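Chain residues, written in single-letter form:
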Amino acid sequence: MNIEFRDRQSLINTARAMNRLDLNHGACGNVSKRLAGGMLITPSGMSYETMQAKDVILVTQDGQWEPGRRPSSEWLFHRDIYAQRDDAGAVLHAHAPWCTTLACLQRGIPPFHYMIAAAGNDIRCAAYATFGSQELSVNALAALAGRRACLLANHGLLCLASDLEQVLDLALEVEFLARVYCQTLALGIPDNLDDEEMARVADKFRSYGANIGAGDLAKD
Ligand SMILES: [Zn+2]
């Protein structure tokens, strides 16, 4: 099995897991993996269940792909993340229900729980722009500065990590945090952790070598 075939199959497995784990539904959402000179990304509007390795699209860094099936409509922000973030080996976008609930209120997630450090000091909500637009990519990159996850206003969730396994883990963690934040807000106002405590948590993640630790994130 050659490496690219294996990568294509891993991408499909991640996309299927995203739906099986209730992070996403149907053919919305998209997943990509960095390759030298470009990326592999899920195609536009195709069921993950019937997708085969040949259906995964290879997009070059300058935005070219083979004639035929089109890449996900959100390929622009995937491409731009790889161009600007050396720590991104995989990118996942999903319409995860609890993240999307907060995104529809244009609310991010503050450090109300220490596991927020898996994504950064907090999780921002990027300003709204039409799906698939360059403006959405610009807004998403700004919200991701110093972080590995953000919400997209009136839309969903966006995460980056070093590989497909870790980006799926991070997306699950952020969706858990979004659900617990919504539940907490239903009962009262959370007492957020301060910068000093979040820095301590980030240090512990780094020293434990936690897979989704925030240790090497730029402080801003
Ligand atoms: Zn979307």
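In what follows, the structure referred to is the one given above.
With that settled, consider the pairing of strand β2 (residues 38-41). What you see with β2 is no split at all: Gly 38 and Leu 40 on one side and Met 39 and Ile 41 on the other are buried throughout. Bridge count for strand β1 (residues 30-35) against β2 is four bridges, and the pairing is antiparallel. For Arg 34, the partnering residue across the bridge sits in β2 and is Met 39. A loop of two residues connects β1 with β2, the two strands running antiparallel in sequence, and Gly 37 in this loop sits at a positive phi of about 80°. Pairing of β2 with strand β3 (residues 57-60) involves four bridges; the strand directions are antiparallel. The residue bridging Gly 38 from the neighbouring strand is Thr 60, located in β3.

This part is about the coordination of the zinc ion. Reference values for coordination geometry: four tetrahedral donors around a metal ideally subtend 109.5 degrees, six octahedral donors ideally subtend 90 or 180 degrees. On the protein side, the zinc ion has His 93 (NE2), His 95 (NE2) and His 155 (NE2) as donor atoms, found 2.0 to 2.1 Å from it. When the donor residues of the zinc ion are listed from N- to C-terminus, their spacing reads H-x1-H-x59-H. Here His 93, found in strand β4 (residues 90-94), pairs with His 155, found in the loop between β6 (149-152) and β7 (156-161); they are 62 residues apart in sequence, far enough to count as distant. Assigned by exposure class, His 93 and His 155 land together as buried.

We now examine the sheet that holds β6. Pairing within the open sheet is mixed, and its seven strands lie in the order β3-β2-β1-β4-β7-β6-β5. In this open sheet, the two strands that pair with only one neighbour each are β3 and β5 (125-126). Running over the sheet, helix α1 (residues 3-20) touches β1, β2, β3 and β4 and is turned about 155° from β1. Contacts from helix α3 (residues 97-104) reach β5, β6 and β7, with the element oriented near 60° to β6.

Turning our eyes to something else, we now look at the nonpolar core. Note that soluble globular proteins tend to have their nonpolar side chains buried in a common cluster. Ranked by size, the top nonpolar core spans 47 residues in total, and within it Leu 92, Ile 109, Leu 151 and Leu 157 carry the most contacts. Broken down by element, the residue count for this core peaks at 11 residues, all from helix α5 (residues 164-187). Ile 81, Ala 129, Cys 150 and Leu 160 belong to the second largest nonpolar core, which has 22 residues in total.

Phi is positive for Asp 22, close to 60°, though the residue is something other than glycine. For Asp 22, the position within the fold is in the loop between α1 and β1. On the basis of relative accessibility, which here comes to 56%, the residue Asp 22 falls in the exposed class. Despite not being glycine, Gln 106 shows a phi value in the positive range, around 55°. Among the secondary structure elements, Gln 106 is positioned in the loop between α3 and β5.

Residue placement: Arg 85 occurs in the loop between α2 (75-84) and β4. Exposure remark for Arg 85: the relative accessible area of 12% places this residue in the buried category. At 2.9 Å, the side chain of Arg 85 forms a polar contact with the side chain of Asp 87. A distance of 2.7 Å separates a polar side-chain atom of Arg 85 from the backbone oxygen of Leu 144.

Right, let's get into the pattern of salt bridges. Summed over all chains, the structure comprises 10 salt bridges. In this structure, Lys 33 and Asp 7 form a salt bridge, with 3.9 Å as the shortest nitrogen-oxygen distance. Here the residue Lys 33 occupies a position in strand β1, and Asp 7 occupies one in helix α1, the gap between them amounting to 26 residues. Under the relative-accessibility criterion, Lys 33 is labelled partly exposed at 21%. On the basis of relative accessibility, which here comes to 7%, the residue Asp 7 falls in the buried class. Asp 55 is paired through a salt bridge with Lys 54; the nearest N and O atoms lie 3.4 Å apart. Residues joined by salt bridges that share partners form a network here, namely Lys 54, Asp 55 and Arg 69.

Rules used throughout
Residue positions are given per chain, counting from 1 as you read along its sequence in written order. Given that the model is predicted, a residue must reach a pLDDT of at least 70 before its local features are reported, and side-chain atom pairs must reach 80 or more before they are shown or counted; all residues, however, enter totals for whole chains, interfaces and linings. Derived side-chain values reflect all non-hydrogen atoms in the structure, with water molecules and hydrogen atoms excluded from consideration. The buried label applies to any residue whose accessible area, calculated with a 1.4 Å probe on protein chains only, is under 20% of its type's maximum; exposed applies above 50%, and partly exposed to all values in between. The helix count covers DSSP runs of H or I at least four residues long, the strand count covers runs of E at least two residues long, and both are numbered beginning at the N terminus. When DSSP finds at least two bridges between two strands, those strands are taken to pair. Coordination shells were defined by N, O and S atoms within 2.8 Å of each metal, extended to 3.2 Å for Na, K and Ca; water is absent from the atom set, which can make sites look incomplete. Contacts are residue-level and defined by heavy atoms, with any inter-residue pair within 4.5 Å sufficient. Only C-alpha atoms enter the line fits that serve as axes; for helices the fit covers just the stretch in contact. Angles between N-to-C directions range over 0 to 180 degrees. Residues belong to a common nonpolar core when they are buried Ala, Val, Leu, Ile, Met, Phe, Trp, Tyr or Cys residues joined through side-chain atoms within 4.5 Å. Each polar contact in these results corresponds to two N or O atoms within 3.5 Å; when the atoms are within protein, one needs to be able to donate a hydrogen and the other to accept it, and residues that are neighboring in sequence are counted only if both atoms are side-chain atoms. For salt bridges, the criterion is a side-chain nitrogen of Lys or Arg within 4 Å of an Asp or Glu carboxyl oxygen.

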